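Below are the chains, spelled out letter by letter.
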Amino acid sequence: MDKILEALVSSSHPVTVKRAIVKKVMEAAEKEVTEEQCQALYHLTARLILVGEDAFQRQVGLQVQEAYARYHRDEFASFFSKEYVIGLLQQGYGSLDSRDPAILDYLHSSLRLLISCPAVLELAPLLQTEVLRIICERPEPATCAKLAIILTDFPQCIPREKAGVLFCQQLVRTFAYFHCSASEERELREYVTQVTRLSTLLQGIWKAETATLLPSLQEVFAIISATDPSFEPSLALASLVQHIPLQMITVLIKSLTTDQNVKDASMTQALCRMIDWLSWPLAHHVDTWVIALLKGLAAVQKFTILIDVTLLKIEQVFNRLWYPIVRQGALVVLSHMLLSFQHSPEAFHLVVPHIVPLVQSLKNDGLPNSKTFLLQFAELIHCMMYQYSGFPDLYDSILESIKDLPKPNEEKIKFVLNQSAWTSQSNSFASGLLKLAGKSETGKTGLVNLGNTCYMNSIIQILFMATDFRRQVLSLHLNGSNTLMKKLQLLFAFLAHTQRAAYSPRNFLEVSRPPWFTAGSQQDCSEYLRFLLDRLHEEEKTLSALQVISTKPEPASPSAETVHSAAGQPVADAPSSSDPMVAKEDGHTLVERMFGGRLSTAIRCLKCHNLSEKEEPFTDLSLAFCPSMSQPQGPTDEYKSSSNVGPCQGAVNGGSESSESSAKEAGTRMDRPVAEPTLSVPDLVDYFLAPEILENDNCYFCEHCGSLQRAEKVMRVVAAPEYLILTLLRFSYDAMCHVRRKIMDNVGIPLRMCLPLCQPASCASSSSDAASPSSSESPDSGENLAKKLKPSQKEEGLTDSRTKSERTESGLETLPVPYVLSSVVMHSGMSSESGHYYSYGRNVSSTDEYVAHPCPNNLEGSSLSQEEMGYADHKPIDWVLFNDSRVTFTNFQSLHYVTSRFPKDTAYVLIYRKQEVNGQESNVGAVVNGSRLNGEPPLQKELMDAITKDNKLFLQEQELNARARALQATSACSFRPNGSDDNEPPGSCGPSGGGGGGGGFNTISRLVF
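Summary of the structure given here. (Residues numbered from 1 in each chain as written. Predicted model: local features only at pLDDT ≥ 70, side-chain atom pairs only at ≥ 80, totals over all residues. Heavy atoms only, no water.)

**A few points about the pattern of salt bridges**
And then number 1: If you walk through the whole model with that rule in mind, you get 26 salt bridges.
And then number 2: Close ionic contact of Glu695 with Arg710 constitutes a salt bridge, the shortest N to O distance being 3.0 Å. Separated by 15 residues along the polypeptide, Glu695 in the loop between β9 (692-694) and β10 (700-702) and Arg710 in the loop between β11 (707-709) and β12 (711-719) bring together distant segments of the chain. (Salt bridge = Lys/Arg side-chain N within 4 Å of Asp/Glu carboxyl O. Helix = DSSP H or I, 4+ residues; strand = E, 2+ residues; numbered from the N terminus.)

If you want it as structure tokens, here you go:
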């Protein structure tokens, strides 16, 4: 068989013929084969894999080897012996050197074929020795990355105990030789990937064998503190910093700065190289390490080192501010170095010539974080110019460049300078991350991102900011239950009462994540919202049914022909019982009461005028975008069909997938510059409710006529929800390219809007218009039926339709129901599979005094009045921006113009709260047990106990950290060059990891990981 295969792969037969014969050879593996034949085949496949002439031969080798190893594993284990493996790793194969990555690839694939065999355990001791030998030879990054993959898949091959310590030290030493010579982006990315794989392997070893961590850190410090001018360690060492436990930094820095064996020259070299690490793009907490070491040196009064390093590296740190990926960490280090260097203006004056160009660049680069960064940078510059005044010739151009930025007051400047001086380090030693930060000034709690869970965090925050819904949830008596509603209630209770700055919603994520959502992947927030509300609704309905069964004999189940509308009236032609909004016999669920509305769809045959009507519930309206604004005609059927996707389900991930032309339209919008909004949310609602003519390929089958006929389709809202959820269908499917594109149109978001609600006219009988002729028969009614969507400022008649009741020809009266904006979820990115979600929200309830306003006009142009901006009736900063753990105050103006400033940030999901008009009370309001809730309900004992327990734990954590800092700061450190201090100097409480060297870590007796 091996001879046949060898002759075949080297023959000149067509590839198709070769593949067919190879398939026969692989099928023969299922039959009985002698050991000699197996050995011959394994030798041949190894040669094809390792030194095959082309990709086809290597592919054939892999396929045949896998087929025969599957059915003849013992023979393969005998072939892949210790002697064979040693020969590969020490002598190579044929023309291949033993360090060739192909050797390691072959080793990896062969081990995978033996993954469940005892042979792997037999090979493990051999591989442990060989892996250590290879690492000691300082291989290239590609070879190390291959080794990392093997050791990650087969951890039993990692050296153990003393050999494991030596392996980690040599691995760290190998990092120091990883110099990058890449000149192209692809090569650079590959290099970073290789370094990341190796650092991840080292992290895993540190976690599994904590005894290897301290020697590894000693090796790091030994490398970066070396003063040999002929060797410069690689910046790749920075990738190890993020894997060092933050809890260790205090003892590490204290041990390092107080070790008498560490010479000043070595410490200076180490600190300079740690500052160089700021250039590594994927390293986290490098800035924290640097600042912790600077503070530690200040605490032990090693000012000579601090002065030398500051003057040597201050310009390099400043230059890092030009690169957005490392800008924030560089600013933290720069601020500390400048603010602490208070004995001379020398360091500040080194960077003065570079300030104005940087400020101008930050003003013009348009990056989302540049404005915030510029504010921080300007505050730093003001502090330094205050400290070193008297140089108008140097500072005039700087003051001119930052004159339009806020200037901190004198008290704040003095406070910052006093806290930052080297002489005050012993009193302000605690650093950022080790201090458990309290809540933001908003008083709101953030949510920890658990790995691409911003879609969930944004939805939870907007539901929490739905005031009446939150109050209802917190008022439910669910003690002892384990339902999803109970989990939501507990989450809401923590968001309202925890003392933590950000809460981790891990438990709620596990129970609320749709089963088809892949953990760790970005998902669609609107899809998650629908799933969550549906689960809550069905759960409550099921529990209520079980309660009925347990208390009385079960009556006949209600048929699908009679259900309750949102107003409580029977409705014919109801949806099936599986509809999530079908009312229970004894009332509505909480989701129905808060978010449920009803939509009527009427189709009238234009030949016989027969009318077919159907009502269905909805929890959100999916609003499609209209055709191109330049199109002179009204919305065509293909566009209208995309907007009439079922209001409860919508298209996949909220996208409109029913029309290829819609997808193409989305593609063109992505490239169009985002200007001031020409569309508004009420425009999209009108387009959704606009009548539609069903014709051509979209004709309606009339049961009365018995054939396809032209028809008029009209959708009306017949029951308005308390909270109106609107989803903008921004993600459309391009059937030509098989990709989902995002519609980038800027849509104006009014603070207030009206929803047209159709109700029976009080003076008309229910059947008076049953046989009335259709208005679509009139000569010019086609254009009226196909309401052309125009820019808001051109629809002069739209205002009247939203502010006055209208009488339709079908005997229905259209009433404008006023709504006020409660919250908005923004999507930042170019596609549904990527990007980031964040949300704006504010507390709005039906009883708030400022909501009783008449329906507003539509947006006029791109400007908003003060009333529409919300300044006339509430504080300008009562809006809150939720961005995962970060919670900040904002205002409606920021929300309204966010897409104009950041084109990729677009409104996606909006929630409006129905207003009370003329003293009318809401249909549901916030009523619990017969009493109306006008404030936050008191917490039930079970919830209060859980929060109290967690808050006590939080305070204990703060106290432990305070005690740790107090132990380090046992004495005050004053700037006395000729003085002495008998007390042991304090250490640093910085939040990050780094390295220490030599005997500098010998005082550590216990590691906390």
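**What about the nonpolar core?**
And then number 1: Tyr68, Phe80, Phe348 and Phe377 are the most contacted members of the largest nonpolar core, which totals 150 residues.
And then number 2: If you look at the next biggest cluster of nonpolar residues, it comprises 52 residues, including Ile462, Leu495, Leu529 and Ile911. (Core = buried A, V, L, I, M, F, W, Y, C linked by side-chain atoms within 4.5 Å. Buried < 20%, exposed > 50% of the residue type's maximum accessible area, 1.4 Å probe, protein only.)

**Overview of the packing of helix α6 (residues 82-91) against helix α8 (residues 118-136)**
And then number 1: Between α6 and α8, the least distance of the axes is 11 Å, while the angle of their chain directions is 10°. Relative to α8, the element α6 is oriented roughly parallel. When you trace α6 past α8, the crossing you get is right-handed. Contacts from Lys82, Val85, Ile86, Leu89 and Gln90 of α6 reach α8 at Glu122, Leu123, Leu126, Leu127, Glu130, Arg133 and Ile134.
And then number 2: Taken together, the residues of the contact of α6 with α8 sort by class into seven nonpolar, one polar and four charged. (Axes fitted to C-alpha atoms, helices over the stretch in contact; angles between N-to-C directions. Parallel < 35°, antiparallel > 145°, perpendicular 65-115°, else oblique. Left-handed = near helix turned anticlockwise from the far one by under 90°. Contact = heavy atoms within 4.5 Å. Nonpolar A, V, L, I, M, F, W, Y, C, P; charged D, E, K, R; others polar.)

**Notes on unusual backbone geometry**
And then number 1: With phi around 50°, Glu161 is a residue other than glycine that occupies positive phi space.
And then number 2: A positive phi angle, near 55°, is found at Asn696, a position not held by glycine.
And then number 3: Tracing the chain through its elements places Asn696 in the loop between β9 and β10.

**A few points about helix α30 (residues 681-689)**
And then number 1: The buried fraction of α30 is high, at nine of nine residues.
And then number 2: Residues of α30 that are buried: Val681, Pro682, Asp683, Leu684, Val685, Asp686, Tyr687, Phe688 and Leu689.

**Regarding the packing of aromatic side chains**
And then number 1: In this structure the tally under the stated criterion is 26 aromatic pairs.
And then number 2: Between Tyr42 and Phe79 the ring centres are 5.6 Å apart and the planes differ by 35°, which places this aromatic pair in the tilted class. Within this pair, whereas Tyr42 is found in helix α3 (residues 35-51), its partner Phe79 is found in helix α5 (residues 73-79), the two being separated by 37 residues in sequence. For the pair formed by Tyr42 and Phe79, the shared burial category is buried.
And then number 3: When the centroid spacing of 5.5 Å and the interplanar angle of 75° are considered together, the rings of Phe464 and Phe492 count as edge-to-face. Taken together, the positions of Phe464 in helix α22 (residues 454-464) and Phe492 in helix α24 (residues 484-497) put the pair 28 residues apart, joining distant regions of the chain.
And then number 4: Look at Phe464 and you get buried, because its relative accessible area is 5%.
And then number 5: A residue is classified by how much of its surface remains accessible, and Phe492, at 0% relative accessible area, is buried.
And then number 6: Through a chain of ring-to-ring contacts, three or more aromatic side chains come together here, namely Tyr42, Phe76, Phe79, Phe80, Tyr84 and Tyr106.
And then number 7: Here Arg470 stacks its cationic end above the ring of Phe464, 4.8 Å away from the centre of that ring. (Phe/Tyr/Trp six-rings, centres within 6.5 Å; stacked < 30°, edge-to-face > 60°. Lys NZ or Arg CZ within 6 Å of the ring centre and 35° of its normal.)

**A few points about a nonpolar patch on the surface**
And then number 1: Taken together, Ile4, Val17 and Ile21 make up a surface patch of nonpolar side chains, about 220 Å² in accessible area.
And then number 2: Within the secondary structure layout, Ile21 lies in helix α2 (residues 15-27).
And then number 3: The class of Ile21 is partly exposed, set by a relative accessible area of 32%. (Patch = residues over 30% accessible without salt bridge, like charges linked within 9 Å, V, L, I, M, F, W, Y side chains within 5 Å. Areas by Shrake-Rupley, 256 points an atom, 1.4 Å probe, with all protein chains shown as cover.)

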